[in-house]
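Reading the structure
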Amino acid sequence: MKRTVITYGTFDLFHIGHLNLLKKLKGLGDELIVGVSTDEFNEEKGKSTIIKFEDRLSIVESIKCVDIVIPENSWDQKEKDIQNYNVSIFGIGDDWQGKFDNLKTLCEVVYIPRTTGISTTAIKSKFGFVNRKDLEDLKKSIDFVGSILDKLN
Ligand code: C2G
């Protein structure tokens, strides 16, 4: 019997932590379904994203180990999805350890160790360091260098 695995996530600024998780989950079965959180659902989750839903969906859909992508619109669609897709395993990163044990009545539930040293939040915070004042200082430096070049010509 085909073993179908399902997971859910935002997958914003797709990175190696996301890829490692998806590859590990695919390794547990024959088919991997990924529910990608819609922009509206991310608001409900209190998560802001850089990449819009359509693009996050396309990126995840193009990952070799992903077989099916579906929108994740709500917290409680998991039960229906597990039944509709005849899912054998629900898996997610262990930052959610224990949070989805209620699904154990429907399928196996596994929590996968997160990849350390990488997160969408860390990536966003790197961009966040370049604030308006930094950019204004940078422009002043560029203008100063430009004025020197003008004098040399
Ligand atoms: N992840 C990981 N290692 C990282 C970062 C993320 O294994 N360094 C995993 C998370 O544990 C999660 C998946 O990658 O299983 C997607 O992470 P997010 O996009 O942050 O998803 P999240 O906001 O946790 O949404 O209903 C479930 C939620 O939609 C999960």
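Our subject is the structure listed above.
Read on for an overview of the structure.

What counts and what doesn't
Residues numbered from 1 in each chain as written. Predicted model: local features only at pLDDT ≥ 70, side-chain atom pairs only at ≥ 80, totals over all residues. Heavy atoms only, no water. Patch = residues over 30% accessible without salt bridge, like charges linked within 9 Å, V, L, I, M, F, W, Y side chains within 5 Å. Areas by Shrake-Rupley, 256 points an atom, 1.4 Å probe, with all protein chains shown as cover. Salt bridge = Lys/Arg side-chain N within 4 Å of Asp/Glu carboxyl O. Helix = DSSP H or I, 4+ residues; strand = E, 2+ residues; numbered from the N terminus. Buried < 20%, exposed > 50% of the residue type's maximum accessible area, 1.4 Å probe, protein only. Arc of directions from axis to C-beta. Core = buried A, V, L, I, M, F, W, Y, C linked by side-chain atoms within 4.5 Å. Contact = heavy atoms within 4.5 Å. 1 Å grid on protein atoms, 1.4 Å probe; cavity = no way out; pocket = protein on both sides within 12 Å on 5 of 7 lines; lining within 4 Å. Points joined across faces, edges and corners; volume = space filled by probe spheres on them. Nonpolar A, V, L, I, M, F, W, Y, C, P; charged D, E, K, R; others polar. Polar contact = N/O pair within 3.5 Å; in protein donor to acceptor, adjacent residues only side chain to side chain.

**Here's the deal with a nonpolar patch on the surface**
Residues F144, V145, I148, L149 and L152 make up a contiguous nonpolar surface patch of roughly 510 Å² in combined accessible area. Mapped onto the elements, V145 comes out in helix α6 (residues 132-152). Relative accessible area serves as the criterion here: at 45%, V145 is assigned to the partly exposed category.

**Things to note about helix α1 (residues 16-26)**
Every buried residue of α1 is listed here: G17, H18, L21, L22, L25 and K26. Each buried residue of α1 sits inside an arc of 165° when the element is viewed along its axis, so together they form one side.

**What about the nonpolar core?**
Residues L22, L25, L32, V34, V60 and V66 are the most contacted members of the largest nonpolar core, which totals 18 residues. Secondary structure elements with two or more residues in this core: α1, β2 (31-37), α3 (53-61) and β5 (108-112). Beyond its immediate chain neighbours, meaning those up to four positions away, L32 contacts V5, T7, L22, L25, K26, C65, V66, D67 and I68. I70, F90, F100 and C107 belong to the second-largest nonpolar core, a separate cluster that totals 13 residues.

**Brief notes about the layout of surface pockets**
One number sums up the size of the largest pocket: a volume of about 640 Å³. Lining the largest pocket are 30 residues, and of these H18, K47, D95, W96 and R114 lie nearest its centre. Grouping the amino acids of the lining of the largest pocket by side-chain chemistry returns 10 nonpolar, 12 polar and 8 charged.

**Description of the environment of Q77**
Counting through the fold element by element, Q77 comes out in the loop between β3 (68-72) and α4 (78-84). Residue classification places Q77 among the buried residues on the basis of a relative accessible area of 7%. With 71 residues separating them along the chain, Q77 and I148 place their C-alpha atoms 62 Å apart. Among residues more than four places away in sequence, those in contact with Q77 are Y8, I70, P71 and E72. Engagement of the side chain of Q77 in a polar contact is seen with the backbone nitrogen of N73, the distance being 2.6 Å.

**Here we look at the pattern of salt bridges**
Proximity of charged atoms lets side chains of opposite charge pair with each other. As enumerated under the stated definition, the model contains 8 salt bridges in all. In this structure, the salt-bridge partner of K139 is D143, at a minimum N-O distance of 2.8 Å. Remark: D143 and K139 occur in helix α6; sequence separation between them is 4 residues, near one turn of the helix.

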